[in-house]
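# Coordinate inspection notes
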Amino acid sequence: MLRQRIFSAVIAAVLLFVVLFALPETAARLVIVAVILTAAWEWAGLLSLASPVARSGYTMLVAGLIGLVFIALATPWAREGVLLAAMAWWVAALVWLRLYPTPVPAAVAWFVGIMVLVPAWVALDFLYRLEPALLLFMLVVVWAADIGAYFSGKTFGRVKLAPSISPGKTWEGVIGGLLLVLVLVVLRGYWAGDNLAVLVPFCVAVALLSVVGDLTVSIFKRNAGVKDSGSLFPGHGGLLDRIDSVTAASPLFALGVLWFGVR
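In this report, we go over the structure that sits alongside the text. (Residues numbered from 1 in each chain as written. Predicted model: local features only at pLDDT ≥ 70, side-chain atom pairs only at ≥ 80, totals over all residues. Heavy atoms only, no water.)

## Quick word on the overall build of the protein
Operational definition: Helix and strand definitions here come from DSSP, where helices need a minimum of 4 consecutive H or I residues and strands a minimum of 2 consecutive E residues; each element is numbered from the N-terminal end. This radius of gyration counts C-alpha atoms alone. The globule rule is 2.2 Å times how many residues there are, raised to the power 0.38. Relative accessible area decides the class of each residue, using a 1.4 Å probe on protein chains only: under 20% of the type maximum gives buried, over 50% gives exposed, and in between gives partly exposed.
Helices and strands together make up the secondary structure of the protein, namely 9 helices and 2 strands. Secondary structure elements of the protein, listed N to C terminal, follow the sequence α-α-α-α-α-α-β-β-α-α-α. The C-alpha radius of gyration of the protein comes to 18 Å, within 12% of the 18 Å expected for a compact globule of 263 residues. Based on the C-alpha atoms only, the size of the protein along its principal axes is roughly 50 × 50 × 35 Å. Taken across its 263 residues, the protein has 46% of its residues classed as buried.

## Some points on the nonpolar core
Heads up, the condition is: Only buried residues count toward a nonpolar core. Its members are Ala, Val, Leu, Ile, Met, Phe, Trp, Tyr and Cys residues joined through side-chain atoms within 4.5 Å.
Counting residues in hydrophobic clusters, the biggest one holds 84 residues, and the most contacted among them are Ile 36, Trp 43, Leu 127, Leu 135, Met 138, Phe 220 and Phe 253. Broken down by element, the residue count for this core peaks at 15 residues, all from helix H5 (residues 106-130).

## Here's the deal with the packing of aromatic side chains
Condition: Only Phe, Tyr and Trp rings are paired, with Trp represented by its six-membered ring, and only when their centres lie within 6.5 Å; those with planes under 30 degrees apart are stacked, over 60 edge-to-face, the remainder tilted. Whether a charge sits over a ring comes down to the Lys NZ or Arg CZ being within 6 Å of the ring centre and within 35 degrees of the ring normal.
As enumerated under the stated definition, the model contains 10 aromatic pairs in all. Relative to Trp 110, the ring of Tyr 58 lies with its centre 5.1 Å away and its plane at 90°, an arrangement referred to as edge-to-face. Linking Tyr 58 in helix H3 (residues 52-72) with Trp 110 in helix H5, this pair joins segments that are 52 residues apart in sequence. For Tyr 58, a relative accessible area of 1% corresponds to the buried category. Relative to Phe 260, the ring of Trp 259 lies with its centre 6.3 Å away and its plane at 90°, an arrangement referred to as edge-to-face. A connected cluster of aromatic rings, assembled from ring pairs, spans Trp 43, Trp 89, Trp 90, Trp 96 and Phe 220. The ring of Phe 137 is capped by Arg 188, whose NZ or CZ atom sits 4.1 Å from the centre of that ring.

## Notes on the layout of surface pockets
The line we're drawing: Method remark: on a 1 Å grid restricted to protein atoms, a set of points is classed as a cavity if a 1.4 Å probe fits but cannot get out and as a pocket if it is open with protein on both sides within 12 Å along at least five of seven lines; lining residues have an atom within 4 Å of a point. Grid points are joined across faces, edges and corners, and a volume is the space filled by probe spheres set on the points. Three residue categories are used. Nonpolar comprises Ala, Val, Leu, Ile, Met, Phe, Trp, Tyr, Cys and Pro, charged comprises Asp, Glu, Lys and Arg, and polar comprises the others, including Gly.
In this structure, the second largest pocket encloses a volume near 390 Å³. As for the second largest pocket, its lining consists of 16 residues, of which Leu 94, Arg 98, Leu 161, Trp 171 and Leu 215 are closest to the centre. The set of elements that each furnish at least two residues to the lining of the second largest pocket consists of helix H4 (78-99), strand S1 (160-162), helix H7 (171-192) and helix H8 (196-224). In terms of residue class, the lining of the second largest pocket is built from 14 nonpolar, 1 polar and 1 charged.

## Description of unusual backbone geometry
Here the bond from Tyr 100 into Pro 101 is cis, since omega is 10°, no more than 30 degrees from zero. With respect to the element layout, Pro 101 can be found in the loop between H4 and H5. At Ser 48, a position not held by glycine, the phi torsion is positive, near 65°.

## Section: the packing of H3 against H5
As a reminder of what qualifies: In this description, a line fitted to the C-alpha atoms serves as the axis of each element, helices being fitted only across the stretch in contact, and the angle between N-to-C directions of two axes falls anywhere from 0 to 180 degrees. Note on angle classes: values under 35 degrees are labelled roughly parallel, values over 145 roughly antiparallel, values of 65 to 115 roughly perpendicular, and the remainder oblique. Take the far helix as your reference; a near helix turned counterclockwise from it by less than a right angle gives a left-handed crossing, and one turned clockwise gives a right-handed crossing. Residue contacts follow a heavy-atom distance rule, with two residues in contact if any of their heavy atoms lie within 4.5 Å.
Relative orientation of the contacting elements H3 and H5 amounts to 45°, with a least axis distance of 10 Å. With respect to H5, the axis of H3 lies oblique. Both H3 and H5 take part in a crossing whose hand is right-handed. Listed contacts from H5 to Tyr 58, Leu 61, Val 62, Leu 65, Ile 66, Val 69 and Phe 70 of H3 are Ala 109, Trp 110, Gly 113, Ile 114, Val 118, Trp 121 and Val 122.

## Thoughts on H7
Selection criterion: Any helix carries an expected span of 1.5 Å times its number of residues minus one.
Here H7 is 22 residues long and its end C-alpha atoms lie 31 Å apart, about the 32 Å a rise of 1.5 Å per residue gives. Those residues of H7 that are buried lie in contact with helix H6 (132-156), S1, strand S2 (166-170) and H8. Within two residues after H7, Gly 193 carries a phi angle of roughly 75°, on the positive side.

## Section: the pairing of S2
Stated precisely, the cut-off is as follows: Strands are labelled as partners when DSSP assigns at least two bridges between them.
Note that S1 and S2 share 2 bridges and pair antiparallel. Each bridged residue has a counterpart across the sheet, and for Ala 162 the counterpart in S2 is Ser 166. Between S1 and S2, which follow one another and run antiparallel, lie 3 residues.

## Side note on the environment of Ile 66
Inspection of the secondary structure assignment puts Ile 66 in helix H3. For Ile 66, a relative accessible area of 6% corresponds to the buried category. Separated by 56 residues in the primary sequence, Ile 66 and Val 122 place their C-alpha atoms 8.3 Å from one another. Not counting the four nearest positions on each side in its chain, Ile 66 is found in contact with Ile 36, Leu 37, Val 118 and Trp 121.

All quantities given are derived from atomic positions and should not be read as evidence of function.
This is the structure in structure tokens:
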């Protein structure tokens, strides 16, 4: 299983580098939209929309909202407004994690999918257009938190983080993920001459919020009675399983760029 996960991760990393640094800008931005819409298709599966027509309908709803937001982004306040709305949602999600298990009404699940995916597109598209390497840095922070958590949790994990949501996750795993993020950010900061007093706590906050994203999507997978959102990546599950942490981390990272000049 680990070998399969590593192989899938390597293939995904190669494809990511091609998208970020080889494709023309328009093509790369369309790929980002395609990623979000694929995740919307998988989210529709968590809504018990079994038929392709119903799942396509939800996917098209998300596509339509992305189109409306794209038009609204012509105004200077729209991007920041969407990202702030996303942060308000993720704060609410953190509270929800503390209260779970709770009922998940269908209307809430539909709305949450929109709040998870549409602001993530805004953040990812913004970061890519600003600087592809900046988007890659954000992804590396999230991946480091996930990889560090996986290995430290396997090795040292004892205290469950959220047993009713994701029994395999532990506080030791979270700490291990944060330590790996800390090491990578400090090394990057010294290499690039960044202000570590700003960069380190900010990236730690981004990593912590990525955990909230992971657990929040896990609520909806558990509610739907599935382990993975799909099977696109052998050993890794679906696309939504790969970007659940990113959906929470990317709006915060984008706001950090807008407000504090994090680069």
